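Summary of the model geometry
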There are 4 protein chains.
Amino acid sequence: MSGNTFGNLFAVTNFGESHGPAIGCVIDGCPPGMDLTEADIQPDLDRRRPGTSKFVTQRNEPDQVEILSGVYQGQTTGTPICLLIRNTDQRSKDYGDILQTFRPGHADYTYLQKYGLRDPRGGGRSSARLTAPMVAAGAVAKKWLQAQFGTTFRGCMTQVGELQIPFEDWSHVPNNPFFAPMADVSAIEAYMEALRKGGDSCGARIRVTASQMPVGLGQPLFDKLDADIAFAMMGINAVKGVEIGAGFASVSQRGSTHGDSLSPDGFRGNNAGGVLGGISTGQDLEVQIAIKPTSSILTPRESININGESTEVITKGRHDPCVGIRATPIAEAMLALVVMEHALRHRAQCGDVAAPLAAIPASAG
Amino acid sequence: MSGNTFGNLFAVTNFGESHGPAIGCVIDGCPPGMDLTEADIQPDLDRRRPGTSKFVTQRNEPDQVEILSGVYQGQTTGTPICLLIRNTDQRSKDYGDILQTFRPGHADYTYLQKYGLRDPRGGGRSSARLTAPMVAAGAVAKKWLQAQFGTTFRGCMTQVGELQIPFEDWSHVPNNPFFAPMADVSAIEAYMEALRKGGDSCGARIRVTASQMPVGLGQPLFDKLDADIAFAMMGINAVKGVEIGAGFASVSQRGSTHGDSLSPDGFRGNNAGGVLGGISTGQDLEVQIAIKPTSSILTPRESININGESTEVITKGRHDPCVGIRATPIAEAMLALVVMEHALRHRAQCGDVAAPLAAIPASAG
Amino acid sequence: MSGNTFGNLFAVTNFGESHGPAIGCVIDGCPPGMDLTEADIQPDLDRRRPGTSKFVTQRNEPDQVEILSGVYQGQTTGTPICLLIRNTDQRSKDYGDILQTFRPGHADYTYLQKYGLRDPRGGGRSSARLTAPMVAAGAVAKKWLQAQFGTTFRGCMTQVGELQIPFEDWSHVPNNPFFAPMADVSAIEAYMEALRKGGDSCGARIRVTASQMPVGLGQPLFDKLDADIAFAMMGINAVKGVEIGAGFASVSQRGSTHGDSLSPDGFRGNNAGGVLGGISTGQDLEVQIAIKPTSSILTPRESININGESTEVITKGRHDPCVGIRATPIAEAMLALVVMEHALRHRAQCGDVAAPLAAIPASAG
Amino acid sequence: MSGNTFGNLFAVTNFGESHGPAIGCVIDGCPPGMDLTEADIQPDLDRRRPGTSKFVTQRNEPDQVEILSGVYQGQTTGTPICLLIRNTDQRSKDYGDILQTFRPGHADYTYLQKYGLRDPRGGGRSSARLTAPMVAAGAVAKKWLQAQFGTTFRGCMTQVGELQIPFEDWSHVPNNPFFAPMADVSAIEAYMEALRKGGDSCGARIRVTASQMPVGLGQPLFDKLDADIAFAMMGINAVKGVEIGAGFASVSQRGSTHGDSLSPDGFRGNNAGGVLGGISTGQDLEVQIAIKPTSSILTPRESININGESTEVITKGRHDPCVGIRATPIAEAMLALVVMEHALRHRAQCGDVAAPLAAIPASAG
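To keep things clear, this report deals only with the structure shown in the data block.

Definitions and cut-offs
Residues numbered from 1 in each chain as written. Chains lettered and ligands numbered in written order. Predicted model: local features only at pLDDT ≥ 70, side-chain atom pairs only at ≥ 80, totals over all residues. Heavy atoms only, no water. Helix = DSSP H or I, 4+ residues; strand = E, 2+ residues; numbered from the N terminus. Buried < 20%, exposed > 50% of the residue type's maximum accessible area, 1.4 Å probe, protein only. Contact = heavy atoms within 4.5 Å. Least-squares fit on C-alpha atoms with pLDDT ≥ 70 in both. Axes fitted to C-alpha atoms, helices over the stretch in contact; angles between N-to-C directions. Parallel < 35°, antiparallel > 145°, perpendicular 65-115°, else oblique. Left-handed = near helix turned anticlockwise from the far one by under 90°. Nonpolar A, V, L, I, M, F, W, Y, C, P; charged D, E, K, R; others polar. Phe/Tyr/Trp six-rings, centres within 6.5 Å; stacked < 30°, edge-to-face > 60°. Lys NZ or Arg CZ within 6 Å of the ring centre and 35° of its normal. Buried area = accessible area lost by both parts, 1.4 Å probe. Salt bridge = Lys/Arg side-chain N within 4 Å of Asp/Glu carboxyl O. Polar contact = N/O pair within 3.5 Å; in protein donor to acceptor, adjacent residues only side chain to side chain.

As a further point, take the environment of Phe15 of chain D. Along the polypeptide, Phe15 of chain D turns up in strand 2 (residues 11–16). The exposure class assigned to Phe15 of chain D is buried, which follows from its relative accessible area of 0%. Expressed as a C-alpha distance, the spacing of Phe15 of chain D and Leu130 of chain D, which sit 115 residues apart in the sequence, is 7.7 Å. Apart from the residues lying within four places of it in its own chain, the contact partners of Phe15 of chain D are Val26, Leu68, Ser69, Pro80 and Cys82 of chain A together with Ile23, Gly24, Cys25, Leu84, Arg125 and Leu130 of chain D.

Once turned by 180° and shifted 0.0 Å along the axis, chain B lies on chain C with an RMSD of 0.0 Å. Taken together, these values place the two copies in the relation of a two-fold axis. Residues of chain B ranked by C-alpha distance from the rotation axis are headed by Thr13 of chain B, positioned 3.8 Å from it. Comparing contact sets, 100% of the residues at the interface of chain B also lie at the interface in chain C, consistent with an isologous, same-surface contact.

We now examine the packing of helix 4 (residues 132–149) of chain C against helix 8 (residues 327–350) of chain C. Residues and elements named next belong to chain C. Orientation of helix 4 relative to helix 8, taken along the N-to-C sense of each, is 50°, at an axis distance of 8 Å. For the element pair helix 4 / helix 8, the angle class is oblique. As for how helix 4 packs across helix 8, the hand of that crossing is left-handed. Between helix 4 and helix 8, the residues in contact are Met134, Val135, Ala137, Gly138, Ala141, Lys142, Trp144, Leu145, Gln148 and Phe149 and Pro329, Ile330, Glu332, Ala333, Met334, Ala336, Leu337, Val339, Met340, Ala343, Leu344 and Arg347, respectively. For the contact of helix 4 with helix 8, the class distribution of residues is 17 nonpolar, two polar and three charged.

What follows deals with the packing of aromatic side chains. In the structure shown here, the tally under the stated rule is 36 aromatic pairs over all chains. Ring geometry for Phe55 of chain A and Phe178 of chain A: centres 5.0 Å apart, planes at 45°, overall tilted. Here Phe178 of chain A lies in the loop between strand 9 (163–164) and helix 5 (186–197) and Phe55 of chain A lies in the loop between helix 1 (38–48) and strand 4 (65–67), a separation of 123 residues in the sequence. Residue Phe55 of chain A is classed as buried on the basis of its relative accessible area of 6%. Taken together, the ring pairs connect Phe6, Phe222 and Phe231 of chain A together with Phe6, Phe222 and Phe231 of chain B into an aromatic cluster. Sitting over the ring of Phe167 of chain C, Arg207 of chain C keeps its end group 5.2 Å from the ring centre.

The partner chain B presents 120 residues to the 120 residues of chain A that form the contact. Here chain A packs against chain B, burying approximately 9100 Å² in sum over the two surfaces, 63% of which is carbon and sulfur. On the chain A side of the contact with chain B, Lys114, Phe222 and Lys240 of chain A bury the most area, a combined 9% of that side's loss. We note a salt bridge from Arg268 of chain A to Glu302 of chain B, for which the minimum N-O separation is 2.9 Å.

Here we take up the interface of chain B and chain C. In this complex, chain B contributes 40 residues to the contact, which on the side of chain C involves 40 residues. Taking both sides of the interface into account, the surface hidden between chain B and chain C amounts to around 3200 Å²; carbon and sulfur atoms contribute 64%. Counting the surface chain B buries against chain C, the share from its top three residues, Leu68, Tyr72 and Leu117 of chain B, is 19%. Where chain B touches chain C, the interface holds zero salt bridges. The tally of links between chain B and chain C comes to twelve residue pairs in polar contact (both at pLDDT 80 or more). Residue assignment for the side of chain B that touches chain C shows that the elements contributing at least two residues are strand 2 (11–16), strand 3 (22–28), strand 6 (75–76) and strand 7 (81–86) of chain B. The greatest single-element share of the side of chain B that touches chain C, amounting to four residues, is contributed by strand 2 of chain B. Broken down by class, the residue content of the side of chain B that touches chain C amounts to 16 nonpolar, 17 polar and seven charged.

Worth remembering: the numbers are spatial, not functional.
Take a look at the structure:
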């Protein structure tokens, strides 16, 4: 309740700063008896980690995860799982500039005003580096959900800056540094190259889905599945918008087209994005998020210093020109954490409910 | 944590069904010593209540609120405030059709599959009628925030179906049944009239703001102010998308334009929507939400019955053709509840922090 | 989290004051599909209600419970159950004395200092009358636990003032107004009569148990079953001590005698009180609580007034001379609520654990 | 909510096992701007750590704490403080015996039945070693409370086995390994020596207090200060009973003697133990707890093995013959954590309440 724990039954408490000795999390509430080693977690961390292409920050972090507790002889024991990731490439440098001024669009100003002080090293607690422990925790949730229901999570980039990214096939996503679902990403590369040379940054739109969803997850009125997804997504660094299913397009739809027809063969559409009345339908969860451009850029901008006087800010150092590029595994992880939480909550309250109807197939094909 | 309590320190627990004897809520955690009577709450309920124009459901509910506890001699005592609203116009009718089939786009299917049974009377618990107690609770939060910080909340409709609604002035909002910020709403009336005749429904886009915001509200990493706003908004019936500030438009913005410059005279823009790093900047909170079209419509649609067999569904009875029309006071109330919660949380942790810098004016004008 | 909700998954939010229009609670998280009517709840309320003998307060309250929500056609729907109890016998009288002075041993002083104001009518929120909704909620929990596991709850008085009450048999408990497990309660009657004539009050010791307990309930480290029992019991008005199993007697026991031996026929004792390591063993839960003497008495006592000046306090009006007399059904209800909460929590995390060993019989007999 | 986080606003999440690589905790919600280094925490850890006398376990753990996050340039930043303590003296040995059988009075049986598996190394998660991170977290709370209100925490042993320990003076407590408030502890030494030779264990009674308490902490109905104290204390390993103020002695008190008179010079007694109606009075908090004898003893006992067959259990290895000996700093820490939590909660809700009356002195002397 103090802001750094995500979830209640599968509760992930996050700690650390960008340039402190370590970052990590504690997962409380993991079901016991699941096989778990670092090898289950590392692949997702590797997908998120920096330094893997020239389009992301050049900070070199192996992001090796270490399980400190909660696992005995390769199995979860039901007790807290502490995951630790050492910071290894904190550059020793002078943060004087960042300490004295506020980057437009950055949390510099708000952290200082809220807490009265701030850790300026690499953004301190406001750094997107703190998403790494969530990716690690998400991997644990993914494994359990896969085993329990066959649920799988996927994500991809659908837009970068003004550039729309057409969906070709999921199979392309792991083959390029952008998580783009297309074979030829040369246009994205050119776009990013131009951006980098211009010393500027851009936003991105990410799509994330869950397939093979159980029916019945979500707690109306407030802890709706989609409400918790929105909470999770908007809480990712730099996210400014969240859509479920048809999202903002539903504003101009008619009820007769928006409502997904049901048939014995399955739903005939997924404008719902897999949620009706805050409860999962069994269709794929479909989520899109908007990520704003990085605020740490070389382009000079008007700002003020900590005395309230006018100044100009230029931000050097290692930064992602598009923080959205690495957002896909993060959004997947957060979605998995939401589904995990609701799977446990549903079992708590409705563990002996027999669904009156065989679940409708997710899609009528 | 079971889904029907909103907030932790200013915790609102909601109960009731559309056609039960009563709906209401319990507010736990209200600061003591605030003057409070029903007259502080009723105006917002009146703005939301049904039956006030031909463009909304004709169910006639006075929505008179009664304070059952937590107030002594006109002052809050710091103990739970129970607000009760009697249902008075539940039509006695046969719900056979609704019980036997599933409306496309409605929670009929998911409630039944989750709980094994459902209350079909007027949508039962999934009815938008359950937003009334939140509007009542929001009025309490608004009053405290106004007294404490001068914070005020406003909302308006910005789009209905395909029809964009240009912003003319806040003063028009109370003068038409759509909460439209424009003088002449005849085009909206015509649009809705055609929709109604066609037996269909449409979506809407709502904007909601908070002005005179204190700096420093919000708890990163997860309980960010904007994350909690997204949670609150996506939890409102029929909402499919949420944006903060520039929202999805930020995807195609450059960092050099998105980041709101700071100057001694104030911020030079509000792409942030009043939140940076999950913490309020002191600028106006700017939120937009997408509301899907009502799922209860006269147009026949393909569906299945509770035996899983094909059928056709037509929904008669009293329904809003655009549930978004009455959404403005609801969204205002939910925003107020989020700000209230975070005002108390901030005071808990940072009650003795002296902000290093005088707050920047919300806008450089 | 603001103090008036008990439990998280089976969350009971309590509202009301002693002399307000009504008291009640909202139960959030009740499993759906359970038969439930007022008749399931009323008997426990009748056991607790005032005015049933000359040894308790003469306030005459029928404590008729009304289910306002969460039940459809006699079954729980999984949505919040609001239980309402009207106050009917609030005496209109002058509270001037109570408002101006502080009763020694009463919450008068602390409520005023905490909140800055207080509702003095019948003790306002600090009245033991607010246990009635908990008894009602406990009846719902008892019913579910009985159906699910066969768990039953019993309680009795084991001491009143200096008077030890020997345990004869559970069957006597409903046959006397003291919940005493003995046939002849004339000694208690005489004791209470002398106390009443003397204008004084006394304490009591209550025992409460749960039988047919499932193994495995409780969440170490902190949300241990016994820790939550202690929390629930100490939260009952006037309770000053809680023991589990051997309790304070375990201080002078040896490890060789305290540890309950296990045998294929069952445990050979219950010094544990049914909990080891914070987790239920399947043995009976055994809890004892100490209840202090009522603070509202006719005997004059030294105190101060609200200006901080010396005064003498005499409390007239209708008060229980031993608040412990009616505490038995309250303690049972609170114990049931704790067990219910942990049954749901356990199912959430460990719903698919197969206990390696057949449960040991509760007792080797 | 999954059992391993203590507190909500000052939330301490505990992780680790007795023989894993490390134990520790994450403190979320610490107010920013407080000076904090390891040197503030280590002294309390040193008071609790094993191996300091021949009367406690001979496991040799330096219990050196490392601050991994949440502190920048020696000041708390308001972000999560991760405290890490390495395990260094885990003896490599065969746990076959413990794995195959259940120690009477130990959590062996319940952990296995709940989770389906258990970590047997040194008791795994059920080890009292997990109190070390709480002592560390408590030191942080103590420092803040001391600075804010002058509140101080003290504890001592009042009974060990059948041996009553008379209170002479607080100054003796740090001068003996038992935390006994008496000058000459030779009787205790002799008692413990005999016990050790007999291969048995004994219980203890601990008293813990807080002085210079602010008035008004605690949230009725349920989150009362004393209810949370009972929760915290009963959650400590091996605790079987908790008393506040007069505790069980209040059962045989009269109301005219139990209720502490108020006078302009202060309260004339402290039967209340510093809490009335669940809210602090400003008097000293007075708490007593009963600690059961250690269950790991050399004396052979009847038990069963994991196949449910009869067996005899003898526990060798390094164990405390009286786990109560090291309980004093633990109980102090837990009390400090409860007070800290409620100090923040009170500030959240009542931060602008002006107490009507100057606080009464804690004691009339």
